[in-house]
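One letter stands for each residue in the lines below.
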Amino acid sequence: MRPPTHFGNDITNTESNGDEQNNNNNNNGNGGNNGGNNGNTGGSNIVERLTQMGATINFPIITGRGIIRVVERCDDAKENNNLDLSECELIQVPDAVYHLMRHTELKTCDLSGNVITKISPKFAVKFNLITDLNLSHNQMAKLPDELADLQSLQMLDISHNTFITLPAVVFKMPKLRELKANNNAIIDIDGDEIITSESLEVVDLRHNPLTPMCHDLLKRAVVSFRIELSEREKEDWEDLTI
């Protein structure tokens, strides 16, 4: 069976790695080619195994370290129910991951340190039992409403992204206790939304460019959970010493 010949650039940032590997093979002559073939053995075996299992996502013959890492970590998750896909150069969660994890009841999912811009609505359907979701250090500015179906989620980390406001869906997660949203670009927050949560215990909003009005509102807010804020820097016109 000949494996498919492409993975798709919507999965990982492996194109540059592939070009570099091809250049190295060409420069090294026959010895380089032999080394390249040996290096591709693991990737080709993974592709063949996924194809035999019925996977519909296309993988390249030269998968690159990123793809191999994803598959290996999926194998680990089958043993410990904790999926760690951090720092895998992902721009989204590959469909192949959902396929590999279809018989595993995941408890945690770590997608931090990638270049993910969005989460698919089907994430909540496939991984609806997770209690801990780490989306930090990515490039996300919004979350799908379907994440409200994560009925067991207790900790959500969306820090170090590009959110300009807190996504309303976080207040619809029935068991969410801790929300980390520090180090984003959050300017303002709907006060009515934040009061509606009955499960939250702490919301971390430090290191966000909150407007003075929003900062003061949150600092005085009477809520059942703790709101962590950085000290507000005074505007130039507020500093009478200038």
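All values reported here derive from a predicted model rather than from experimental measurement.

1. Comments concerning the packing of aromatic side chains
Under the criterion given, the structure shown has two aromatic pairs. Taking the centre distance of 5.4 Å and the plane angle of 45° together, the rings of Tyr-98 and Phe-127 count as tilted. With a gap of 29 residues between them, Tyr-98 in helix α4 (residues 95-100) and Phe-127 in the loop between α5 (123-126) and β3 (132-134) connect regions that are remote in the sequence. Given a relative accessible area of 5%, Tyr-98 falls into the buried group. On the basis of relative accessibility, which here comes to 3%, the residue Phe-127 falls in the buried class. Centroid distance Phe-123 to Phe-127: 5.1 Å. Interplanar angle 90°. Geometry classified as edge-to-face.

2. Some remarks on the environment of Lys-107
Mapped onto the elements of the fold, Lys-107 is located in the loop between α4 and β2 (108-110). Using a relative accessible area of 40% as the deciding quantity, one classes Lys-107 as partly exposed. Here the alpha-carbon distance between Lys-107 and Ile-130, two residues 23 residues apart in the chain, equals 4.1 Å. Residues in contact with Lys-107, not counting those within four places in the same chain, are Asn-81, Asn-82, Leu-129, Ile-130, Thr-131 and Asp-132.

3. Focus on the sheet that holds β2
Judged by pairing direction, the sheet is parallel, and its seven strands sit side by side in the order β1-β2-β3-β4-β5-β6-β7 without closing on themselves. Of all the strands in the sheet, just β1 (82-84) and β7 (226-228) have a single pairing partner and so form its edges. Between one strand axis and the next, the sheet turns through 5° on average, direction left out of account. In this sheet, β2 lies alongside β1 in parallel orientation, the contact comprising three bridges. Looking across to β2, one finds that Asn-82 is bridged to Thr-108.

4. Topic: the pattern of salt bridges
A complete count under the given rule lists eight salt bridges for this structure. Here Asp-204 ties to Arg-206 by a salt bridge, and the two come within 2.8 Å at their closest N and O atoms. With a relative accessible area of 35%, Arg-206 lands in the partly exposed category. A salt bridge links Glu-228 to Arg-226; the shortest N-O distance between them is 3.0 Å. In the salt-bridge network here, residues are joined through shared partners; they are Asp-204, Arg-206, Arg-226 and Glu-228.

What counts, and where the lines are drawn
- Residues numbered from 1 in each chain as written.
- Predicted model: local features only at pLDDT ≥ 70, side-chain atom pairs only at ≥ 80, totals over all residues.
- Heavy atoms only, no water.
- Phe/Tyr/Trp six-rings, centres within 6.5 Å; stacked < 30°, edge-to-face > 60°.
- Helix = DSSP H or I, 4+ residues; strand = E, 2+ residues; numbered from the N terminus.
- Buried < 20%, exposed > 50% of the residue type's maximum accessible area, 1.4 Å probe, protein only.
- Contact = heavy atoms within 4.5 Å.
- Pairing = 2+ DSSP bridges.
- Axes fitted to C-alpha atoms, helices over the stretch in contact; angles between N-to-C directions.
- Salt bridge = Lys/Arg side-chain N within 4 Å of Asp/Glu carboxyl O.

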